[in-house]
Amino acid sequence: MTITSRERKNPAFWVGQVVKFAILIFHLVITLFPFYWMINTALKSTQAEIYAYPVVYWPKFPTFQNFIDIATKGHFLTYFLNSFFYSAVATVIGTFIAILAAYVLSRMRFRGRSAILFFFILTQMLPGFVGLAPKYQMYSSMGLINTRVGIILIYIGNVLPYSIITLRAFFDGVPESIEEAALIDGCSRLDSVFRIAVPLMIPGIASVLIFDFVNTWNELFSAILFLDTDNMKTITVGLNALIQKSDIAWGQMMAGTIIAILPTILLFALLRKYMVAGLTSGAVKG
């Protein structure tokens, strides 16, 4: 933004600039403080130092022992790899299915189309744990309790409605004339989807991928209910297990949480350009 000479001489302009930056700095502090507190707690060596009063805002002798303990004791690495596997597979399969379903809802005209869209929107208004009891009964009868296939199917079902609704909006923004030209040139319907429409929707697909991965990575209730053994559990279940009746291992929990958020931070860093473009364009397309 270019500042004119008239604005430089106007005291009200500078007051507005100071207020604006003060608000931004305040918001930044509020946003970053939880991350600072996680690091501060993870680097403390004892529970006494964590619960100390007056509050210790930085440990006198920082240590990485909590990180070492959480990584080497128990099954934390197994939980981490399980979460990554479940989230990656559910995200890829869920996004692929959502692309096909969103294309049908965007391009095809058939009876019940509006009802299907309404149903998908309705599912986003209900708490996720509402359907856990009937899901458990169904999965138990099918022998899918404590299985990788079972938890992945649940995660795919969790992310599909949002993914379909979002991608349908992006398909609506792709001119049908482009696909019609491809069909005239000999492309099949499926080729026109993945060779013509999908490349034009990369920002939208990236935003859906990020949402799906983060949503499945952070999921807790289904993982607790459907996974019983340590070799199947996820990282959220492992962190939740640190909460005991008599005490909470805050040092190890904060260390584990820092490790747990690294994949999502890396994913945002890799796809941030497409994420911003996808959210911006998705906000103005019907």
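This text gives an overview of the structure that appears in the document. What you are looking at is a predicted structure, and each value in this text was computed from that prediction instead of being measured.

**Observations concerning a nonpolar patch on the surface**
Part 1: Taken together, the side chains of F21, L24, I25 and V29 make up a nonpolar region of the molecular surface, amounting to roughly 400 Å² of accessible area.
Part 2: Within the fold, V29 resides in helix α2 (residues 11-42).
Part 3: Accessibility expressed as a relative area gives 48% for V29, which makes it partly exposed.

**Remarks on the packing of aromatic side chains**
Part 1: For the structure on display, the rule yields 15 aromatic pairs.
Part 2: Judged by centre distance (5.9 Å) and plane angle (50 degrees), the rings of F64 and F67 are tilted.
Part 3: Centroid distance Y139 to F226: 5.5 Å. Interplanar angle 65 degrees. Geometry classified as edge-to-face. In this pair, Y139 is assigned in helix α7 (residues 132-142) and F226 in helix α12 (residues 221-226), connecting sequence segments 87 residues apart. There is no split in this pair, since Y139 and F226 are both buried.
Part 4: Connected via pairs of aromatic rings, a cluster forms that spans F33, Y36, W37 and Y57.

**Focus: the pattern of salt bridges**
Part 1: Applying the stated rule across the entire model yields three salt bridges.
Part 2: Across the salt bridge formed by R168 and D172, the nearest N and O atoms sit 3.6 Å from each other. One end of the pair, R168, and the other, D172, are both in helix α8 (residues 148-172), four residues apart, so they sit about a helical turn from each other.
Part 3: Classification of R168 by relative accessible area gives buried; the value is 19%.
Part 4: Notably, a salt bridge pairs D230 with K233, separated by 3.7 Å at the nearest N-O pair.
Part 5: Classification of D230 as partly exposed rests on a relative accessible area of 30%.

**Some thoughts on the nonpolar core**
Part 1: Of all hydrophobic cores here, the largest spans 35 residues; its most connected members are L167 and F171.
Part 2: Contributing elements (two or more residues each) for this core: α5 (76-107), α6 (113-123), α7, α8, α10 (189-200), α11 (202-217) and α12.
Part 3: Broken down by element, the residue count for this core peaks at ten residues, all from α8.
Part 4: In terms of nonpolar packing, the next biggest core, distinct from the first, is built from 24 residues, A42, L43, W217 and L271 among them.

**So, the side chain of T41**
Part 1: Following the sequence through the fold, T41 ends up in helix α2.
Part 2: At 2.9 Å, the side chain of T41 and the backbone oxygen of W37 are in polar contact.
Part 3: The residues contacting T41, other than those within four sequence positions of it, are I50, N66, W250, G251 and M254.

**So, helix α4 (residues 65-72)**
Part 1: Among the residues of α4, those classed as buried are N66, F67, D69 and I70. Taken around the axis of α4, the buried residues stretch over an arc of 165 degrees, which confines them to a single face.
Part 2: Directly after α4, the chain includes G74, whose backbone phi takes a positive value near 80 degrees.

**What to know about the side chain of T91**
Part 1: Position of T91 among the secondary structure elements: in helix α5.
Part 2: The class for T91 is buried, based on a relative accessible area of 5%.
Part 3: In this structure the side chain of T91 is engaged in a polar contact, spanning 2.6 Å, whose partner is the backbone oxygen of S87.
Part 4: Only 3.3 Å separates the side chain of T91 from the backbone nitrogen of F213, close enough to count as a polar contact.
Part 5: Leaving out residues up to four positions away in the same chain, T91 has contacts with L209, D212, F213 and T216.

Rules and cut-offs
Residues numbered from 1 in each chain as written. Predicted model: local features only at pLDDT ≥ 70, side-chain atom pairs only at ≥ 80, totals over all residues. Heavy atoms only, no water. Patch = residues over 30% accessible without salt bridge, like charges linked within 9 Å, V, L, I, M, F, W, Y side chains within 5 Å. Areas by Shrake-Rupley, 256 points an atom, 1.4 Å probe, with all protein chains shown as cover. Salt bridge = Lys/Arg side-chain N within 4 Å of Asp/Glu carboxyl O. Helix = DSSP H or I, 4+ residues; strand = E, 2+ residues; numbered from the N terminus. Buried < 20%, exposed > 50% of the residue type's maximum accessible area, 1.4 Å probe, protein only. Phe/Tyr/Trp six-rings, centres within 6.5 Å; stacked < 30°, edge-to-face > 60°. Core = buried A, V, L, I, M, F, W, Y, C linked by side-chain atoms within 4.5 Å. Polar contact = N/O pair within 3.5 Å; in protein donor to acceptor, adjacent residues only side chain to side chain. Contact = heavy atoms within 4.5 Å. Arc of directions from axis to C-beta.

These figures capture arrangement, not role.
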